[in-house]
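Residue-level listing of the chains:
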Amino acid sequence: MNMKHIISLVVVMMLSIGNIFSQVTYVDTPVFKVGEKATYGIFFNLGFISMKAGKVNFEVGEAVVRGEDCYKLTVSGYTQGMFEKFYVVRDTFTSYLSKKTLQPVYYHDGKHEDSYWSYSTYNYTDNGQTDSLHVHFEYIKKKGTSNTEFNISKKAADLVATCYKIRNIDVASMSRGDVAGFSLLFEDIVYELGLKFTGKQTVKLKNGDKYKASVFVPTLIKGNLFKNDEDLKVYVADDDNHYPVYVEASLKMGKAVASLESITGTKYEQSGIKKKK
């Protein structure tokens, strides 16, 4: 596996429970709140060898951007332990989401992955259209700086904003086999992707916790990483918080796993976890 964009992959894995579902409704208010924090352990399984590669932290804060009250959504990822002898990652992604509309307002990231580094920003503004936003995209890396401007559908959003927006899906309104489409802004391209709800089951995490979970299979990322649509599975807590608890991705050489280690400050009771006897 090419490790250059490890944390970007993890964020894609975490957000892949969907975005805009056809024939599926949203709950009336956000299922997350300021103060929520979650940590995931990242593991690589290569044959009989399992290695903990690092951690990814998610945090919900708040800020005012251009006079608008926003959720400040921060995702930070880093490698640790033996894995750092092979590859070092220190990445941070931050998205500002309007509390009123849940539309993205601003985004910035900083990636430091061995000798590679880059910084990018999205500045979302109203373009006078009811169904689209204007985006100014700045991308800074070793080879220089580029600036691009374009319009996107209001259904589209960056990695982090999408990750939180889709948690408001009313999963109870979905039936097994339902397939939905969603739009993801990555760099300066909007990807139209798909998703399938496959049902519910109990999943055991790396720390031994067991969760009742809704299971989703994205129909995306074919090519260099995934062999087919069944190679990425996302398990989402079967409660009103709708947070991912376990993600498993089959790669050309083994598997990548993101497993929930802790979550605090949730808006609703964490009823998805099974009580230990």
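Just so you know, the residues in each chain are numbered from 1, in the order the chain's sequence is written. Owing to the predicted nature of the model, reporting of local features is limited to residues with pLDDT of at least 70; listing and counting of side-chain atom pairs is limited to 80 or more, with chain, interface and lining totals taken over all residues. Values reported for side chains reflect all heavy atoms of the structure, with hydrogen atoms and water molecules removed beforehand.

**Q** Is there a simple way to explain the nonpolar core in this structure?
**A** Generally speaking, nonpolar side chains in soluble globular proteins are found buried as a group. Within the largest apolar cluster, 67 residues are counted, with the highest numbers of intra-cluster contacts made by Val 245 and Leu 260. Setting aside its immediate chain neighbours within four residues, Leu 260 contacts Ala 38, Thr 39, Tyr 40, Leu 205, Asn 207, Tyr 211, Tyr 243 and Val 245. Definition used in this section: a nonpolar core is a set of buried Ala, Val, Leu, Ile, Met, Phe, Trp, Tyr and Cys residues joined via side-chain atoms within 4.5 Å. Each residue is assigned to one of three classes by its accessible area relative to the maximum for its type, calculated with a 1.4 Å probe on protein chains only: buried under 20%, partly exposed between the two thresholds, exposed over 50%. Only heavy atoms enter the contact rule, under which two residues are in contact if any of them lie within 4.5 Å.

**Q** Where do I start with the pattern of salt bridges in this structure?
**A** For side chains of opposite charge, pairing can occur when their charged atoms come near one another. The salt bridge definition used is simple: a Lys or Arg side-chain nitrogen within 4 Å of an Asp or Glu carboxyl oxygen. Applying the stated criterion across every chain yields a total of eight salt bridges. Between Glu 62 and Lys 99 there is a salt bridge whose closest N-O contact spans 2.6 Å. One end of the pair, Glu 62, is in strand S2 (residues 49-65); the other, Lys 99, is in the loop between strand S4 (89-98) and strand S5 (104-113), with 37 residues separating them in the sequence. Residue class for Lys 99 comes out partly exposed when judged on its relative accessible area of 32%. We count a stretch as a helix when DSSP gives it H or I for four or more residues in a row; a strand needs E for two or more, and each element gets its number in order from the N terminus.

**Q** It is not clear to me how the pairing of strand S8 (residues 144-153) should be interpreted in this structure. Could you clarify?
**A** When a strand is regular, its side chains alternate between the sheet's two faces. The pairing criterion is simple: DSSP has to find at least two bridges between the two strands. Sheet analysis places strand S7 (residues 132-141) next to S8, joined by ten bridges and oriented antiparallel. Opposite Leu 133, over in S8, you have Ile 152 as the bridge partner. In sequence, S7 turns back onto S8 through a hairpin of two residues.

**Q** So what exactly am I meant to see when it comes to the pairing of strand S13 (residues 232-237) here?
**A** Judged by how many residues are buried, S13 sits mostly within the fold: five of six residues are covered. Looking at chain direction, S13 and strand S14 (residues 244-251) are connected through five bridges and run antiparallel. Bridge pairing links Lys 233 to Glu 248 in S14. Joining the antiparallel neighbours S13 and S14 is a turn of six residues, in which His 242 adopts a positive phi near 55°.

**Q** Sorry if this is basic, but what is going on with empty space enclosed by the protein here?
**A** It is a probe the size of a water molecule, rolled over the atoms, that shows where empty space is left. Here a cavity is any set of points on a 1 Å grid over the protein atoms alone where a 1.4 Å probe fits but cannot get out, and a pocket is any open set with protein on both sides within 12 Å along at least 5 of 7 lines; a residue lines the site when it has an atom within 4 Å of a point. Grid points are joined across faces, edges and corners, and a volume is the space filled by probe spheres set on the points. As enumerated under the stated definition, the model contains four cavities of 30 Å³ or more in all. If you add up the space inside the largest cavity, you get close to 120 Å³. Lining the largest cavity are 14 residues, and of these Tyr 107, Asp 109, Lys 111, Ser 120 and Glu 187 lie nearest its centre. Secondary structure elements with two or more residues in the lining of the largest cavity: S5, strand S6 (116-126), S7 and strand S10 (179-186). Note that Gly is not counted as nonpolar here; it falls among the polar residues with everything else outside the nonpolar set of Ala, Val, Leu, Ile, Met, Phe, Trp, Tyr, Cys and Pro and the charged set of Asp, Glu, Lys and Arg. Split into classes, the residues belonging to the lining of the largest cavity amount to eight nonpolar, two polar and four charged. Of the pockets and cavities examined, the second largest cavity occupies roughly 80 Å³. Breaking the lining of the second largest cavity down by element, the ones donating at least two residues are strand S1 (37-46) and helix H2 (159-165).

**Q** For this particular structure, what's the right way to read a positive patch on the surface?
**A** Residues Lys 204, Lys 210, Lys 212 and Lys 274 make up a contiguous surface patch of positive charge. Along the chain, Lys 274 falls in the segment after strand S15 (254-264). Judged by relative accessible area, which is 38%, Lys 274 ranks as partly exposed. Residues qualify for a patch when their relative accessible area is over 30% and they have no salt bridge, like charges being joined within 9 Å and the nonpolar side chains of Val, Leu, Ile, Met, Phe, Trp and Tyr within 5 Å. We get accessible surface area from the Shrake-Rupley algorithm with a probe of 1.4 Å; when it comes to residues, only the shown protein chains can shield them. Under the convention used here, Asp and Glu are negative, Lys and Arg are positive, and both His and the chain ends fall outside the count. We put the charge of a Lys on NZ, of an Arg on CZ, of an Asp on CG and of a Glu on CD.

**Q** Any chance you could explain unusual backbone geometry here in plain terms?
**A** Non-glycine residue Arg 66 carries a positive phi angle of around 50°. Along the polypeptide, Arg 66 turns up in the loop between S2 and strand S3 (68-79). Taking relative accessible area as the criterion, Arg 66 reaches 52% and is therefore assigned exposed. Phi is positive for Leu 102, which is not a glycine, with a value near 60°. Its location among the elements puts Leu 102 in the loop between S4 and S5.

**Q** What's the story with the environment of Val 160 in this structure? I'm lost.
**A** When you line up the elements, Val 160 lands in helix H2. Under the relative-accessibility criterion, Val 160 is labelled buried at 1%. As for Val 160 and Leu 73, which are separated by 87 residues in sequence, their C-alpha atoms are 7.0 Å apart. Those residues in contact with Val 160 that sit more than four places away from it in its chain are Leu 73, Val 75, Phe 93, Ser 95 and Tyr 107.

**Q** Got a minute to help me understand a nonpolar patch on the surface in this structure?
**A** A contiguous nonpolar patch, built from Leu 46, Ile 49 and Met 253 and spanning about 330 Å² of accessible area, is present on the exposed surface. Using a relative accessible area of 45% as the deciding quantity, one classes Leu 46 as partly exposed.

**Q** Explain the environment of Leu 232 here, please?
**A** Mapped onto the elements, Leu 232 comes out in strand S13. With 25 residues separating them along the chain, Leu 232 and Val 257 place their C-alpha atoms 9.8 Å apart.

**Q** Hey, could you run me through the side chain of Arg 167 in this one?
**A** Along the chain, Arg 167 turns up in the loop between H2 and S10. Here Asn 241 takes part through its backbone oxygen, which lies 3.0 Å from a polar atom of the side chain of Arg 167. Here a polar contact means two N or O atoms within 3.5 Å. Within protein one must be a hydrogen donor candidate and the other an acceptor candidate, and residues neighboring in sequence count only if both atoms are side-chain atoms.

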